[in-house]
Amino acid sequence: MKRGFLTAGGLVFAAVLFFGVNAITGAAWKSARFDFTEGKLYTLSPSTHDVLKGLYRPVSLRLYYSKSMANAVPEIRTYAKRVKELLEEYVAYSDNKLSLEIIDPEPFTEKEDRAMKDGVQGVPLDETGARFYFGLHADAGKDAKGEGGVADVISFFQLGKEQFLEYDITQLIHGLGRESRPIVGVIGQLPLKFGAVSVAAIKRGEVQPYAILEEMQKFFDVRFIEDMREITGADILLIVHPKELSDRALYFIDQYVLRGGRTLVFVDPFAEFGTLPTKFGDLPAMTDRGSSLGRLFDAWGIEYDVNKFVGDRRNAETGTTGFEINQSANEEVVRYLPWFRLGSESLNQRDPATSGLEHIDFATAGALKPKSGATTTFMPLVVTSQDSKLFETSELVGNMDPEKFLRNFEPVGQNFVVAARITGLVKTAFPGGPPPVELPKETDKAAKEDEAKKKPEMPSEVEVERWTYPPIGQSEKPVNLIVVADTDVLHNSRWTMSGDFYGHKTFTPTASNGEFVVNALENLVGGDDLISLRSRGTSYRPFVRLHRLAQDAEERYRSHAKELEDRVQGAEMEIKNLRSQNIYEKEPGKLAAREQVIRDIYQEMFEARKEQRDVQRKLREDIDALAAKLRFLNIGLMPLLIGFLAVGIGVYRHFRHGTRWSAEKQGEVSPS
């Protein structure tokens, strides 16, 4: 009686304890989460935490996800679950600065109209005309009536970009949640806005903007400087391929840097991409593709030879490289030394601009080094391997044979710097004051006006006096510059893979070039929030072991299957040949004999086909058996082990309890 009462009381107590613990944990630990995934897929990085802490204003998120339609595509359903849970993690850490609304835009409803209005892209999954939506809209800064503010959208979460998921979401929130975007002033001849197309093509709308421009516009207010006086309004200066800059333009840049203006510079000894055609549509001479800031580099303590580029044998790219490499007759893989991919071992891991990047792709990059007697500190950011050598750019003209560079290659055993950070105090490159303004003469005024249209507008002498930048001879505080000796590193083909996603052109990064540029700009402008955000793992976990075993099994059957296939094809050809001979056969005896041969061949062919099917079936059965074993080991083994353990404990306790109960009955042990 007493034992039964205790058992009943224990059950009641256990039930109360169960519901009590659930109620307490539900209320107090509602936001508690544990991430046991291998790549910590559901854990926000410290940089994302910093972004969320630094939000200037609330941001509203709307996740559009066609849940009912996703049931037909398990991969999307799994990915959507990850996106949803990751967004909830953002909201949990945002201190109420983020709000999330999840909308299922069912076909032909007002919610679908709202998704289209917010810029989310619908994708047809079947032939019914219904569209599947899976995108994120965000807005911030709206007034009480829900008007105004700014908005941005991830039109569709593509499976192929899962590793950039956190980066994309964080940059979206970061761009909307800060008070204002830093202004990046752009100077130079690299056609970031339209691509290397003619003026006529631009008028026809056939522009091909650089993908890096779109990346920069996510974080910065990018302004192309036409009048050099506009650089005073830029928070950071981006100089890309500076060709034909006048002394006046260089002077403006010099004074901007001396006053603490942060600057990112891209020069190139031989710009393979982005060369603008002439007004007649022709490309300019191959010998005129270099760029430099020679006078300023001297003042900044940089030595750079615009006539030489680096070849790196260890990191050189192979195969087709945009233009068709002249491979040898036996089609051996050829390394093209001017183009190379530098991995993390070549990137400065202690500098925030390059730390954590995977690899950067370069093309005919130049070499930088500190100038003797310089007052600045020269810190390499990206270096080649010691299996490198400098080549003259003249060797590139009229000859794209990769074997030529290999034949003459003798490594010099040193690392060449292709990107560097320059810090320290510097003196002006114009100690004699600003260059005089060359006003156009009346006789050739028209010619000068035409010429002026090609160059940045220079101020007049009167305007110089009123300029807010009075000349100074030395930097007021240490300058902070990053110089890269390659402009091709910015071109789409060097770091992205373009595609068409239902009428929308997409760029999927294949290298870290874009991250490097944005990191460098963020670092120079003073924001480190997004610098350490890197690509993450994916939630897609394929059965790699199964695929490998399947390949092994297929390899074992491949030779036999090939033999059978040859037999079938040979029989078909022989039958065809015999039938063609029978068309002109006049003798009945020979005709009948050939028909008999044909029937025999048919029989052999049928047997070969039957054996071929048996081989394929056997292969399929072996692969299915492997899959079943692996699924059992991954899914069923652990529950079975736990079940066996529970049964074992139960049996042990049963016998132990029985032994104890018998002992108590016999008075050997006193009851507890």
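Residues numbered from 1 in each chain as written. Predicted model: local features only at pLDDT ≥ 70, side-chain atom pairs only at ≥ 80, totals over all residues. Heavy atoms only, no water.

> Please explain the overall build of the protein chain as it appears in this structure.
From N to C terminus, the protein chain includes 17 helices and 21 strands. Looking at the protein chain as a whole, 41% of its 672 residues are labelled buried. For the protein chain, the share of sequence-separated contacts (at least 6 apart) that also reach a separation of at least 24 residues comes to 76%. (Helix = DSSP H or I, 4+ residues; strand = E, 2+ residues; numbered from the N terminus. Buried < 20%, exposed > 50% of the residue type's maximum accessible area, 1.4 Å probe, protein only. Contact = heavy atoms within 4.5 Å.)

> Is there a simple way to explain the nonpolar core in this structure?
In this structure, Met216, Leu264, Phe266, Phe362, Val382 and Leu490 are the most contacted members of the largest nonpolar core, which totals 45 residues. Residues within four places of Met216 in sequence aside, it is in contact with Leu192, Val222, Leu238, Val517 and Leu521. Grouped together as the second largest cluster of nonpolar side chains are 38 residues, Val257, Ile302, Val426 and Val483 included. (Core = buried A, V, L, I, M, F, W, Y, C linked by side-chain atoms within 4.5 Å.)

> Teacher, can you tell me more about a nonpolar patch on the surface here?
On the surface, Phe632, Leu633, Leu637, Met638, Leu640, Leu641, Ile642 and Phe644 cluster together to form a nonpolar patch covering roughly 780 Å² of accessible area. Note on Leu633: relative accessible area 49%, which makes it partly exposed. (Patch = residues over 30% accessible without salt bridge, like charges linked within 9 Å, V, L, I, M, F, W, Y side chains within 5 Å. Areas by Shrake-Rupley, 256 points an atom, 1.4 Å probe, with all protein chains shown as cover. Salt bridge = Lys/Arg side-chain N within 4 Å of Asp/Glu carboxyl O.)

> Looking at this structure, how should I read unusual backbone geometry?
Glycine aside, the phi torsion of most residues is negative, and most peptide linkages are trans. Positive phi values are uncommon outside glycine, yet Asp95 reaches one of about 55 degrees. As for its position among the elements, Asp95 is in the loop between helix H4 (74–93) and strand E2 (98–103). The phi torsion at Asn96 lies on the positive side, around 65 degrees, for a residue other than glycine.

> How should the sheet that holds strand E14 (residues 359–363) be read in this particular structure?
Strand pairing in a sheet relies on backbone hydrogen bonds. The paired strands run either parallel or antiparallel. Strand order in the open sheet formed by three strands is E12-E13-E14, with antiparallel pairing between adjacent strands. Here the strands that pair on one side only, and so sit at the sheet edges, are strand E12 (316–318) and E14. Within this sheet the neighbouring strands show an average axis-to-axis angle of 45 degrees, counted without direction. Where strand E13 (residues 335–343) and E14 come together, five bridges link them in antiparallel fashion. The partner of Arg341 across the bridge, within E14, is Asp361. (Pairing = 2+ DSSP bridges. Axes fitted to C-alpha atoms, helices over the stretch in contact; angles between N-to-C directions.)

> Got a minute to help me understand the pattern of salt bridges in this structure?
Working definition: two side chains of opposite charge can pair if their charged atoms are close together. This model, assessed by the stated rule, comprises 13 salt bridges. Between Asp221 and Arg223 there is a salt bridge whose closest N-O contact spans 3.0 Å. Taking the relative accessible area as the measure of exposure, Asp221 reaches 28% and is therefore partly exposed. Classification of Arg223 by relative accessible area gives partly exposed; the value is 43%. Residue Lys371 pairs with Asp298 through a salt bridge whose shortest N-O separation is 3.7 Å. Taken together, the residues span a long stretch of sequence, with Lys371 in the loop between strand E15 (368–370) and strand E16 (377–383) and Asp298 in helix H10 (residues 294–300) at a distance of 73 residues. Judged by relative accessible area, which is 32%, Lys371 ranks as partly exposed.

> How should I be thinking about helix H9 (residues 247–258) in this particular structure?
Along an α-helix, residues three or four apart share an orientation, since each turn contains 3.6 residues. Over its twelve residues, H9 extends 16 Å from the first C-alpha to the last, a length consistent with the 16 Å expected when each residue adds 1.5 Å. Counting buried residues in H9 gives eleven out of twelve residues, a clear majority hidden from the surface. Listed as buried for H9 are Arg248, Ala249, Leu250, Tyr251, Phe252, Ile253, Asp254, Gln255, Tyr256, Val257 and Leu258. (Expected span 1.5 Å × (residues − 1).)

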